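Geometric and topological summary
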Amino acid sequence: MSDQTVYSLEMRNISKTYPGVQVLHNVSLKLRPGTVHVLMGENGAGKSTLMKIIAGIVQPTSGDIVLFGKKVKFNSPRDGLRHGISMIHQELSPIPDMTIAENLFLGREHQYKGTFVIHYKKMNEEAAKLLSGIGLKIDPGTKMRDLTVAETQMVEIAKAISYNSDIIIMDEPTSAITDREVETLFSLINQLKSQNKSIIYISHKMDEIYRIADEISVLRDGHYIGTYAASQITPDQLINKMVDRELKEVFPEKKAKVSQEVVLKVKNLSHSKKFRDISFEVRAGEIVGIAGLMGSGRTEVVESIFGIRPLDSGEIYIRGTKVKIRNAKEAIRHRIALITEDRKQQGLILPLSVKDNMTLLSLKDFQRGKIIIDRKKEQSKAKEYVSSLKIKTAGLQQSVGSLSGGNQQKVVLAKWLMKAPEILIFDEPTRGVDIGAKAEIYKLIADLAEQGVAIILISSELPEVLGMSDRIIVFHEGKISGELQKQEATQEKIMKLATGTNNREVTSVGVNE
Ligand SMILES: Nc1ncnc2c1ncn2[C@@H]1O[C@H](COP(=O)(O)OP(=O)(O)OP(=O)(O)O)[C@@H](O)[C@H]1O
Ligand SMILES: [Mg+2]
């Protein structure tokens, strides 16, 4: 393109320093109207920080933002919005007591003409339109607290788009939504492009990136590395730009054999409409993968095993003994850990330090005598995990709230691993985690299996399930639709079982609905 291109947005030499750390170094980026610009980089590379600067949420230490050729300065997100920049945040933080409609129109409520009285009817009507625009069939009067994470994320998307902004920033918008919702989002993105809007899209998912990117820019350790046409760069080349070291996304080889000892056995677990007749076993040292579409009941089943979702019927046995698990505390006492992708629910205490969050559950293990805690031991254990999980933090004392999203996820992992569980359930453990860190986590899971931990791995990423599991159980609409041994499992077989098309002729797309 010629030099006369009017960019919708230019970032010029943006730097950002927090006390003691510089997280962005002279980053310059240009955005073209009517395109999707993907921003990539490892966890902690500075992607979200840069986006918050553009949106007016964070102020840069130095550097300029130029909008359609004019220099601008934002002091608040409101300024950003006024100038046509909206953002879908990586961390969802809805106000639970608000309705969807109130949340969508927060700060710009519809009012009766000439008054300050809120026009709820009109607001609800407008909200209903927005929701149907994103294919969400929910009453706009529903409280935010009653939404699933996926629905919350869709509402965030609707909200960001509703401002009719010229520039829409999407920071990992698909971390919690289903495949079908991803399709809805992608077609929305195409509409936005045709209206000449620019989208900045952040994701760690390669397949997604290549489907929608026009250009891809890479950040590494707060430095701008380059911008590439998506059609001109391969995934391997991209990874290279991101990590600057040799990296093959390999699944570790598992050496130890699965033992004969059944550690966990569940029998006929049922829960009203969520799942029915779920029975399976997990042995010591075994990794059992659970595949299935989102909404197929996988998460609900493991939540029941962990005691946080009541069962209507069914039995749970641990090492042959029947147990009743009524809450998370009891589950932990039975040495079960459940690690989910939902960081908020995982009870990270954001203002507390990395160390304090890590040792939250296992403080007792560091006790010497009745009351004294061996701080040295606690410190060194925390240090160990920071280094083995490659957590990017200024130190053990940095607050978890100021870590990047992916690094917060790693702290969750460390916290549970410190409890030395015997039954370890992972629900989408690598969501939002960069490619390098994924490999680390896979290695860690395999190591735990070698040590005899019984592992359940729920994942929507088929390569992950295939690469890691000894055996794969597939869910379809709340039931187990099949089981595959490692040797026989393929993506195709799993998909057939997951969509319920295994025994049926596929006559049209979406036959699984
Ligand atoms: N308020 C803060 N105080 C100190 N450091 C911070 C603060 N906010 C962010 N950082 C640091 O800035 C760095 C960049 O974080 P950022 O959230 O931008 O990363 P990211 O590229 O979005 O990563 P991810 O892929 O994990 O979301 C991190 O090392 C983070 O700890
Ligand atoms: Mg981020």
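Computed from a prediction, not measured in an experiment: that's the story for all the values here.

1. Notes on the domain arrangement of the chain
- What the domain assignment reports for the chain is domain 1 (9-94 + 147-243), domain 2 (249-335 + 421-513) and domain 3 (348-420).
- Its C-alpha centre places domain 1 at a distance of 33 Å from the equivalent point of domain 2.
- Across the contact, 13 residues belong to domain 1 and 9 residues belong to domain 2.
- Between domain 1 and domain 2, roughly 930 Å² of surface is buried when both sides are summed, and carbon and sulfur atoms account for 54% of that area.
- In this assembly, domain 1 and domain 2 are joined by 0 salt bridges.
- Counting across the domain 1 and domain 2 interface gives 2 residue pairs in polar contact (both at pLDDT 80 or more).
- Across the side of domain 1 that touches domain 2, the residue classes tally to 5 nonpolar, 4 polar and 4 charged.

2. Structural notes on helix H16 (residues 491-499)
- Of the residues making up H16, those classed as buried are Ile-494, Leu-497, Ala-498 and Thr-499.
- On its buried face, H16 sits against strand E13 (287-292), helix H15 (462-468), strand E21 (471-476) and strand E22 (479-485).
- Backbone geometry just downstream of H16 places Gly-500 in the positive-phi region, at approximately 75°.

3. With respect to the side chain of Ser-175
- With respect to the helices, strands and loops of the structure, Ser-175 is situated in the loop between strand E7 (167-171) and helix H6 (179-194).
- From its side chain, Ser-175 meets the backbone oxygen of Glu-172 in a polar contact 3.4 Å long.

4. Notes on the coordination of the magnesium ion (ligand 2)
- Within the protein, the atoms that donate to the magnesium ion (ligand 2) are Ser-48 (OG) and Gln-90 (OE1), at distances of 2.1 to 2.2 Å. Placement of Ser-48 in helix H1 (residues 47-54) and of Gln-90 in the loop between strand E6 (85-88) and helix H3 (100-104) is noted, with a sequence separation of 42 residues between them. The exposure classification of Ser-48 matches that of Gln-90, with both residues buried.

5. Thoughts on empty space enclosed by the protein
- Counted under the stated rule, the structure contains 2 cavities of 30 Å³ or more.
- The space that makes up the largest cavity amounts to roughly 90 Å³.
- Together, 15 residues line the largest cavity, and Glu-172, Ser-203, His-204, Lys-205 and Gly-432 are the ones closest to its centre.
- The residue makeup of the lining of the largest cavity, split by class, is 3 nonpolar, 6 polar and 6 charged.
- Counting only domains with at least three residues in the lining of the largest cavity, you end up with domain 1 (9-94 + 147-243) and domain 2 (249-335 + 421-513).
- As a volume, the second largest cavity reaches approximately 30 Å³.
- Forming the walls of the second largest cavity are Met-11, Leu-29, Lys-30, Leu-31, His-37 and Ile-200.
- Take the lining of the second largest cavity: its biggest share by element is 3 residues, from strand E2 (residues 21-31).
- Class assignment of the residues belonging to the lining of the second largest cavity gives a composition of 4 nonpolar, 1 polar and 1 charged.

6. Brief notes about the sheet that holds strand E14 (residues 313-318)
- Taken in spatial order, the 4 strands of this open sheet run E12-E11-E14-E15, and their pairing is antiparallel. The sheet terminates laterally at strand E12 (275-283) and strand E15 (321-323), the two strands that pair on one side only. Neighbouring strand axes in the sheet, compared pairwise and without regard to direction, differ in orientation by 20° on average.
- Pairing between strand E11 (residues 262-271) and E12: 6 bridges, direction antiparallel. Bridge pairing in E12 places Lys-265 opposite Glu-281.
- Against the sheet, helix H9 (residues 298-305) engages E11, E12 and E14, with an angle of about 65° to E12.

7. Considerations on a nonpolar patch on the surface
- Where nonpolar side chains cluster on the molecular surface, the patch consists of Ile-349, Leu-352 and Leu-360 and spans about 200 Å² of accessible area.
- Topologically, Leu-360 is positioned in the loop between helix H11 (354-358) and strand E17 (367-368).
- On the basis of relative accessibility, which here comes to 36%, the residue Leu-360 falls in the partly exposed class.

8. Thoughts on the side chain of His-204
- Here His-204 is to be found in the loop between strand E8 (198-202) and helix H7 (206-212).
- By relative accessible area, which is 10% here, His-204 ends up buried.
- Of note is the side chain of His-204, whose polar atom sits 3.4 Å from the side chain of Asn-43.
- Here the side chain of His-204 touches Glu-172 through a polar contact of 3.4 Å, side chain to side chain.
- Setting aside anything within four residues of it in sequence, one finds His-204 in contact with Gly-41, Glu-42, Asn-43, Lys-47, Glu-172, Ile-209, Gly-432, Val-433 and Asp-434.

9. Structural notes on the nonpolar core
- Grouped together as the largest cluster of nonpolar side chains are 66 residues, with contacts concentrated most on Leu-264, Phe-280, Met-358, Leu-424 and Ile-455.
- Top contributing element to this core by residue count: helix H14 (residues 435-450), with 7 residues.
- Taken domain by domain, this core gets at least three of its residues from each of domain 2 (249-335 + 421-513) and domain 3 (348-420).
- Residues contacting Ile-455, with those up to four places away along its chain left out, are Val-282, Glu-286, Ile-287, Val-288, Leu-424, Phe-426, Ile-445, Leu-448 and Ala-449.
- Counting 48 residues, the second largest nonpolar core, distinct from the first, contains Ala-160, Ala-230, Ile-239 and Met-242.

10. Points about the site of ligand 1
- Around ligand 1 sit 19 residues in total, of which Gly-44, Lys-47, Thr-49, Ser-404 and Gly-406 are the nearest.
- Within the side chain of Thr-49, a nitrogen or oxygen atom sits 2.5 Å from an oxygen atom of ligand 1.
- The separation between an oxygen atom of ligand 1 and a polar main-chain atom of Gly-406 is 2.8 Å.
- Protein burial of ligand 1: of its 640 Å² of free accessible surface, 86% is covered by the chains.
- When residues in the shell around ligand 1 are grouped by element, the largest group, 3 residues, is from H1.
- Both domains that meet at the shell around ligand 1, namely domain 1 (9-94 + 147-243) and domain 3 (348-420), each give it at least three residues.

11. Looking at the environment of Thr-184
- Relative to the helices and strands, Thr-184 resides in helix H6.
- Its relative accessible area of 22% is what places Thr-184 among the partly exposed residues.
- Between the C-alpha atom of Thr-184 and that of Gly-135, which follows or precedes it by 49 residues, the distance is 7.3 Å.

What counts and what doesn't
Residues numbered from 1 in each chain as written. Chains lettered and ligands numbered in written order. Predicted model: local features only at pLDDT ≥ 70, side-chain atom pairs only at ≥ 80, totals over all residues. Heavy atoms only, no water. Domains from an automatic or database assignment. Contact = heavy atoms within 4.5 Å. Buried area = accessible area lost by both parts, 1.4 Å probe. Salt bridge = Lys/Arg side-chain N within 4 Å of Asp/Glu carboxyl O. Polar contact = N/O pair within 3.5 Å; in protein donor to acceptor, adjacent residues only side chain to side chain. Nonpolar A, V, L, I, M, F, W, Y, C, P; charged D, E, K, R; others polar. Buried < 20%, exposed > 50% of the residue type's maximum accessible area, 1.4 Å probe, protein only. Helix = DSSP H or I, 4+ residues; strand = E, 2+ residues; numbered from the N terminus. Donors = N, O, S within 2.8 Å, 3.2 Å for Na, K, Ca; no water. 1 Å grid on protein atoms, 1.4 Å probe; cavity = no way out; pocket = protein on both sides within 12 Å on 5 of 7 lines; lining within 4 Å. Points joined across faces, edges and corners; volume = space filled by probe spheres on them. Pairing = 2+ DSSP bridges. Axes fitted to C-alpha atoms, helices over the stretch in contact; angles between N-to-C directions. Patch = residues over 30% accessible without salt bridge, like charges linked within 9 Å, V, L, I, M, F, W, Y side chains within 5 Å. Areas by Shrake-Rupley, 256 points an atom, 1.4 Å probe, with all protein chains shown as cover. Core = buried A, V, L, I, M, F, W, Y, C linked by side-chain atoms within 4.5 Å. Near = heavy atom within 4 Å.

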